[in-house]
Number of protein chains: 2
Amino acid sequence: MTTSPRRRGHDPESVLRTAVGVFNERGYDGTSMEDLARALGVTKSAIYYHVPGKEQLLARALDRALDGLFEMIADERASSGRAIDRLEWVVRRSVAILVDRLPYVTLLLRVHGNSPTELRALERRREFDRFVSALVKEAAADGDIRPDIDPALVTRLLFGTVNSITEWYQPGRGATADDVAEAIVRISFDGLRV
Amino acid sequence: MTTSPRRRGHDPESVLRTAVGVFNERGYDGTSMEDLARALGVTKSAIYYHVPGKEQLLARALDRALDGLFEMIADERASSGRAIDRLEWVVRRSVAILVDRLPYVTLLLRVHGNSPTELRALERRREFDRFVSALVKEAAADGDIRPDIDPALVTRLLFGTVNSITEWYQPGRGATADDVAEAIVRISFDGLRV
DNA sequence: TTGTCAACTGACCGAATGTTCGGTAAACAT
DNA sequence: ATGTTTACCGAACATTCGGTCAGTTGACAA
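Thresholds, definitions, all that
Residues numbered from 1 in each chain as written. Chains lettered and ligands numbered in written order. Predicted model: local features only at pLDDT ≥ 70, side-chain atom pairs only at ≥ 80, totals over all residues. Heavy atoms only, no water. Helix = DSSP H or I, 4+ residues; strand = E, 2+ residues; numbered from the N terminus. Buried < 20%, exposed > 50% of the residue type's maximum accessible area, 1.4 Å probe, protein only. Areas by Shrake-Rupley, 256 points an atom, 1.4 Å probe, with all protein chains shown as cover. Lys, Arg positive; Asp, Glu negative; His and termini not counted. Charge placed at Lys NZ, Arg CZ, Asp CG, Glu CD. Contact = heavy atoms within 4.5 Å. Buried area = accessible area lost by both parts, 1.4 Å probe. Salt bridge = Lys/Arg side-chain N within 4 Å of Asp/Glu carboxyl O. Polar contact = N/O pair within 3.5 Å; in protein donor to acceptor, adjacent residues only side chain to side chain. Nonpolar A, V, L, I, M, F, W, Y, C, P; charged D, E, K, R; others polar. Least-squares fit on C-alpha atoms with pLDDT ≥ 70 in both. Domains from an automatic or database assignment. Near = heavy atom within 4 Å. pLDDT = per-residue confidence, 0-100.

Some remarks on the overall build of chain A
Turning to step 1, where the next piece is worked out: For chain A, the count of helices and strands is nine helices and zero strands.
Turning to step 2, where the next piece is worked out: Within chain A, the proportion of its 194 residues that are buried is 48%.
Turning to step 3, where the next piece is worked out: Taken as a whole, chain A presents about 9800 Å² of accessible surface, with 48% of it coming from carbon and sulfur.
Turning to step 4, where the next piece is worked out: If you average the places of the 28 positive and of the 29 negative side-chain charges in chain A, the two averages end up 6 Å apart.

Below you can see the structure in the form of structure tokens.
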């Protein structure tokens with residue numbers, strides 16, 4: 001066995017998973033430790049045995065989302081080849097990561113910057129955005145994207161579409177991750193490519 | 001003069017405007033009445049002279065967003081004519097309303113359902129979504145939309161794109177509302193129409 | 001000069017917040 | 001049987017929360 005089926009109870013991982021679920025239902029600031037305790041079936045104080053506190057739960061969740069995105073753009077396929085093809089690959093992979101780490105990315109996309117933890121996450125997110133933005137600009141310079149729309153606007157709309165997945169996607173219900181990626185690429189790129 | 005230039009101080013309208021601004025910066029639950037007071041340059045208690053409370057501020061803001069959307073779909077151009085053309089009109093009008101009432105719609109799109117006020121807003125929003133969803137389904141039935149993508153998915157992606165405007169649009173900076181509407185229609189509909 | 005009234009302050013309330021801590025029961029190791 | 005560890009509870013903590021209320025201020029009318 002890979003995991004020993006010890007006795008009952010929670011661990012840092014299960015607490016995080018449950019917490020992120022509640023954060024997404026009620027919003028991070030709208031969730032009290034009492035809410036988390038109820039969802040976990042324990043008392044408030046039991047949570048502190050497994051994790052250092054509320055903000056650390058958020059930090060771990062946000063890192064999980066951001067790490068996935070940065071691992072992607074570190075891949076060779078994000079940096080070599082024609083820009084328009086790299087862009088399509090990044091869009092497809094982004095959809096896959098969004099769906100795979102749905103609750104974590106959902107949380108990330110709703111961060112406001114109310115704490116050092118949130119500010120740090122926002123900065124990393126902006127770095128990812130800059131990468132994508134440069135990619136679109138390159139594809140436009142290559143003449144592979146319709147020239148009548150500002151590349152900055154294209155970036156916004158394209159990844160606005162991708163990110164909007166977090167607002168409605170439910171695993172197991174309806175379209176698969178590949179279905180969604182395929183639909184976005186078809187609609188957007190058929191409308192974008194020259 | 002349309003507005004009498006009385007004396008200094010705030011009124012329910014200016015309090016609402018400022019409050020919605022802070023709500024969008026910090027999130028509704030992340031905003032305290034103390035935060036609002038600071039932004040208004042008055043004491044907490046002064047707010048209660050103009051407005052009944054925090055939740056009422058939210059309720060008024062959400063109504064402002066929702067009223068705009070429902071006035072639109074009550075228009076004749078949303079109900080008569082070919083479905084695909086009605087859809088394009090609704091998309092263009094949605095962008096216009098989103099930009100015109102940006103802070104209010106932004107707040108609406110971030111509602112979780114943590115209070116009766118929020119639940120009521122969510123229900124009205126779902127009603128709007130059903131209208132749009134039916135419109136896309138109709139256009140698909142007319143054979144005016146590519147048949148290889150599920151109409152439900154098309155709806156999600158199309159209005160995911162439109163709604164994502166609230167995440168980045170800044171009035172006066174960059175594209176105008178018409179620019180954005182035009183870009184969305186070109187990209188999406190060139191990729192959608194058969 | 002006096003009175004009115006819109007607009008606000010400052011002190012305060014009970015409830016809820018995130019977090020800490022002393023204790024404890026059961027499982028496990030020896 | 002004994003000690004140790006794991007996972008938890010209950011009570012309390014300081015602070016912040018949304019909200020109330022009696023009073024004050026300053027502009028205006030009479």
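Comments concerning the interface of chain A and chain B
Turning to step 1, where the next piece is worked out: The interface of chain A with chain B comprises 32 residues on the first partner and 32 residues on the second.
Turning to step 2, where the next piece is worked out: Across the chain A to chain B interface the summed buried area is about 2600 Å²; carbon plus sulfur atoms make up 65%.
Turning to step 3, where the next piece is worked out: Linking chain A to chain B there are four salt bridges.
Turning to step 4, where the next piece is worked out: Among the ionic pairs, Asp190(A) bridges to Arg146(B), the shortest N-O distance being 2.9 Å.
Turning to step 5, where the next piece is worked out: If you look at where chain A meets chain B, you find nine residue pairs in polar contact (both at pLDDT 80 or more).
Turning to step 6, where the next piece is worked out: Put simply, the parts of the chain that give the side of chain A that touches chain B at least two residues each are helix H1 (12-26), helix H8 (151-163) and helix H9 (177-192) of chain A.
Turning to step 7, where the next piece is worked out: Ranked by the residues each element gives to the side of chain A that touches chain B, the list is headed by H9(A), at 10 residues.
Turning to step 8, where the next piece is worked out: Split by residue class, the side of chain A that touches chain B holds 11 nonpolar, 10 polar and 11 charged.

So, the relation of the copies chain A and chain B
Turning to step 1, where the next piece is worked out: For the pair chain A and chain B, the relating rotation is 180°, the translation along its axis is 0.0 Å, and the fit reaches an RMSD of 0.0 Å. On the angle and the small slide along the axis, the relation comes out as a two-fold axis.

Thoughts on the domain arrangement of chain A
Residue and element names in this part refer to chain A.
Turning to step 1, where the next piece is worked out: Under the domain assignment used here, chain A contains domain 1 (12-50) and domain 2 (60-192).
Turning to step 2, where the next piece is worked out: Taking only C-alpha atoms into account, the centre of domain 1 sits 28 Å from that of domain 2.
Turning to step 3, where the next piece is worked out: Contact with domain 1, which involves nine residues of that partner, is made by 10 residues of domain 2.
Turning to step 4, where the next piece is worked out: The junction of domain 1 with domain 2 conceals about 750 Å² of combined surface from both sides, 52% of it contributed by carbon and sulfur atoms.
Turning to step 5, where the next piece is worked out: It is Leu16, Val20 and Asn24 that lose the most area in domain 1 upon contact with domain 2, and together they represent 58% of the buried surface on that side.
Turning to step 6, where the next piece is worked out: In this structure, Glu13 and Arg64 form a salt bridge, with 3.1 Å as the shortest nitrogen-oxygen distance.

Things to note about the protein's contact with DNA strand D
Turning to step 1, where the next piece is worked out: Taken together, 17 residues sit near DNA strand D, with Thr43(A), Ser45(A), His50(A), Met33(B) and Lys44(B) positioned nearest.
Turning to step 2, where the next piece is worked out: Close to the protein, within 4 Å, the atoms of DNA strand D belong to sugar or phosphate groups at a rate of 57%.
Turning to step 3, where the next piece is worked out: At 2.8 Å, a backbone N or O of Met33(B) approaches a phosphate oxygen of DNA strand D.
Turning to step 4, where the next piece is worked out: Between DNA strand D and Tyr48(B), the relevant distance is 3.0 Å, taken from a phosphate oxygen to a side-chain nitrogen or oxygen of the residue.
Turning to step 5, where the next piece is worked out: Listed by contribution, the elements that provide at least two residues to the surface near DNA strand D are helix H3 (44-50) of chain A together with helix H3 (44-50) of chain B.

Things to note about the pattern of salt bridges
Turning to step 1, where the next piece is worked out: Counted under the stated rule, the structure contains 38 salt bridges over all chains.
Turning to step 2, where the next piece is worked out: Across the pair Arg186(A) and Glu182(A) runs a salt bridge whose closest N-O atoms are separated by 3.1 Å. Residue Arg186(A) and its partner Glu182(A) are both found in helix H9; the two are separated by four residues, about one turn of the helix.
Turning to step 3, where the next piece is worked out: Taking the relative accessible area as the measure of exposure, Arg186(A) reaches 29% and is therefore partly exposed.
Turning to step 4, where the next piece is worked out: Under the relative-accessibility criterion, Glu182(A) is labelled partly exposed at 28%.
Turning to step 5, where the next piece is worked out: Across the pair Glu123(B) and Arg130(B) runs a salt bridge whose closest N-O atoms are separated by 3.4 Å.
Turning to step 6, where the next piece is worked out: Among the ionic contacts, a cluster of salt bridges with common partners joins Glu88(A), Arg92(A), Glu182(A), Arg186(A), Asp190(A), Arg193(A), Arg146(B) and Asp148(B).

Examining the environment of Ser115(A)
Turning to step 1, where the next piece is worked out: Its location among the elements puts Ser115(A) in the loop between helix H6 (102-108) and helix H7 (116-141).
Turning to step 2, where the next piece is worked out: Separated by 55 residues in sequence, Ser115(A) and Arg60(A) place their C-alpha atoms 14 Å apart.

Brief notes about the confidence of the model for chain A
Turning to step 1, where the next piece is worked out: Summarising the model, chain A shows a mean pLDDT of 95, and 95% of its residues fall at 70 or more.
Turning to step 2, where the next piece is worked out: Under a pLDDT of 50 for its full length, residues 1-7 of chain A has, in the predicted model, zero contacts with residues more than four places off or in other chains.

Description of the protein's contact with DNA strand C
Turning to step 1, where the next piece is worked out: Taken together, 17 residues sit near DNA strand C, with Tyr48(A), Thr43(B), Ser45(B), Tyr49(B) and His50(B) positioned nearest.
Turning to step 2, where the next piece is worked out: When the atoms of DNA strand C within 4 Å of the protein are sorted by group, sugar and phosphate make up 58%.
Turning to step 3, where the next piece is worked out: For DNA strand C, a base oxygen lies 2.6 Å from a polar atom in the side chain of Ser45(B).
Turning to step 4, where the next piece is worked out: Within the side chain of His50(B), a nitrogen or oxygen atom sits 2.5 Å from a phosphate oxygen of DNA strand C.
Turning to step 5, where the next piece is worked out: Of all the secondary structure elements, the ones that give two or more residues to the surface near DNA strand C are H3 of chain A together with H3 of chain B.
Turning to step 6, where the next piece is worked out: At four residues, the largest contribution of residues to the surface near DNA strand C is made by H3(B).
Turning to step 7, where the next piece is worked out: The class makeup of the residues in the surface near DNA strand C is five nonpolar, nine polar and three charged.

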